[in-house]
Amino acid sequence: MIVAAKRMHQISEYFFSKKMKDIQNLEKNGLKIINLGIGNPDLLPPSGVIQKMKQASELKNANAYQSYIGIETLRNAISNWYKKIYQVDVDPKNEILPLMGSKEGIMHISMSYLDQGDEVLIPDPGYPTYSSISKLLDAKIIYYDLYEDENWLPRLENLSKAKMMWINYPHMPTGATISFEKLEQIVFFAKKNHVLLVYDNPYSLILNQKRSFSIFNVKGAKDIALELNSLSKSYNMPGWRVGMIIGKKKFIQNILKIKSQMDSGMYYPIQIGAIEAMNHDSKWIEKLNIEYFKRRKILWDICDFFNLKYSRNSSGIFVWAKITDSDNNDRIWSDKILKTYHIFVTPGRVFGHNGKGYVRFSMCCPVKILEQAKNRIFS
């Protein structure tokens, strides 16, 4: 008998992978499900991006293997984008590693720096992939608690030393933001305790009422930090799989050793499309946020109907809401909404123990569909 690797017992199939199968089965039986669970942007990329990709696909060497570190013009574009968006100087030759989506960067970084038994600090609630990849590598996970009454920020005095720490602001799933002063404190903690700090930063341009921060806005952060970023949310390019790791030369060189074993470079036309996206000015982001503002207002109306508690100061593409009923089991609540209204909403426990009693709504549906969801509930 062929037996699966022992590491497979550490994880299960990704929640959304399984849930989408359930939803597909319901739709096969004639139900029309409105999916408010997954953060999968439905809008088009900026004008010209797809056309640039199409044109590039006709070039002579477009279909050849590409450089593991991306073409020079892409790295230059990322460097210019970081200067424009975050006011951070990044060396395009040594401090940028393009990725096929930032999710793969979580694996590459973890494989580069976590040995069996190494301790890694992971937020609860937080992105489930941090945990699943750490489990696959047999690292020791130390969850640090985030609470609503503390604005979903870590208590640094409660944190233990570890090899690595994951932080993510604007925070997924709660949408909480972080102040510059708090970022400085976290960098100081990492420096003092020799922790590799990984700042996951894909939501900074969506409905963010504050300045968009990079971890590298903090002086000296490059000594101990890496930053992951992505075009998936900011430019409606999730399926393109364009992400990046930013960090000092030594960190990038180590991660490249892993990445170069895993792929053979990003498809050239996608790199050209990514360059075109990042060349757009702030008017693109302003227009995108106007659309998300309209969508969020409808979700707020739905939350109000169910007497859910939420923050009007959150960022990102989700509304995170607390169930105020005495029976606040989020999984049961989610299943009830699916059964009663044929609307899928993500239960908060998917994101950790501290997500229990909360639910997450995605804004990645057109206003027309969100209005349909609202009408189903209000009728």
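Residues numbered from 1 in each chain as written. Predicted model: local features only at pLDDT ≥ 70, side-chain atom pairs only at ≥ 80, totals over all residues. Heavy atoms only, no water.

Participant: Looking at this model, I keep getting lost on the side chain of Arg 296. Mind explaining?
Facilitator: Turning to its location among the elements, Arg 296 is positioned in helix 9 (residues 282-305). For the buried Arg 296, which has no salt bridge, the nearest side chain bearing the opposite charge is Asp 301, at an N-O separation of 11 Å. Residues contacting Arg 296, with those up to four places away along its chain left out, are Leu 207, Ser 314, Val 319 and Met 363. (Helix = DSSP H or I, 4+ residues; strand = E, 2+ residues; numbered from the N terminus. Buried < 20%, exposed > 50% of the residue type's maximum accessible area, 1.4 Å probe, protein only. Lys, Arg positive; Asp, Glu negative; His and termini not counted. Salt bridge = Lys/Arg side-chain N within 4 Å of Asp/Glu carboxyl O. Contact = heavy atoms within 4.5 Å.)

Participant: I would appreciate a short explanation of the nonpolar core in the present structure.
Facilitator: If you look at soluble globular proteins, the nonpolar side chains tend to sit buried side by side. Ranked by size, the top nonpolar core spans 120 residues in total, and within it Ile 109, Met 165, Trp 166, Leu 197, Ile 215 and Phe 361 carry the most contacts. Considering each element in turn, this core owes the most residues, 9 residues, to helix 9. With near-sequence residues (within four places) excluded, Leu 197 lies in contact with Met 165, Ile 167, Ile 186, Val 187, Ala 190, Ile 215, Ile 224, Ala 225 and Leu 226. Within the second largest apolar cluster, 5 residues are counted, among which are Met 20, Ile 23, Leu 338 and Phe 344. (Core = buried A, V, L, I, M, F, W, Y, C linked by side-chain atoms within 4.5 Å.)

Participant: Just checking my understanding: could you explain the pairing of strand 2 (residues 96-99) for this structure?
Facilitator: When a strand is regular, its side chains alternate between the sheet's two faces. Both faces of strand 2 are covered, namely the face carrying Ile 96 and Pro 98 and the face carrying Leu 97 and Leu 99. Relative to strand 8 (residues 243-246), strand 2 is paired through 4 bridges, and the arrangement is antiparallel. Note on strand 8: the bridge partner recorded for Pro 98 is Met 244. (Pairing = 2+ DSSP bridges.)

Participant: Quick question: what am I supposed to make of the pairing of strand 7 (residues 225-230) here?
Facilitator: Burial within strand 7 is extensive, with 6 of its 6 residues counted as buried. Side chains of strand 7 alternate between two faces, with Ala 225, Glu 227 and Asn 229 and Leu 226, Leu 228 and Ser 230 buried alike. Strand direction decides the pairing type here: strand 6 (residues 196-200) and strand 7, joined by 4 bridges, are parallel. What sits directly across from Val 198, in strand 7, is Leu 226. Bridge analysis of strand 7 against strand 8 gives 4 bridges, and the strand direction is antiparallel. The residue of strand 8 that forms the bridge with Ser 230 is Gly 243.

Participant: Got a minute to help me understand the pattern of salt bridges in this structure?
Facilitator: Side-chain pairs of opposite charge can arise where the charged atoms are in close proximity. Going through the model one piece at a time under the given rule, you end up with 14 salt bridges. Lys 259 serves as the salt-bridge partner of Glu 104, at 3.3 Å between the closest nitrogen and oxygen. Of this pair, Glu 104 sits in helix 4 (residues 102-113) while Lys 259 sits in helix 7 (residues 249-262); the two residues are 155 residues apart in sequence, bridging distant segments of the chain. What makes Glu 104 buried here is its relative accessible area of 17%. Judged by its relative accessible area of 2%, Lys 259 falls in the buried class. Residue Glu 119 is joined to Lys 140 by a salt bridge in which the shortest nitrogen-to-oxygen separation is 3.6 Å. Placement of Glu 119 in strand 3 (residues 119-124) and of Lys 140 in strand 4 (residues 140-145) is noted, with a sequence separation of 21 residues between them. Linked by salt bridges that have partners in common, Asp 42, Glu 291 and Arg 295 make up one network.

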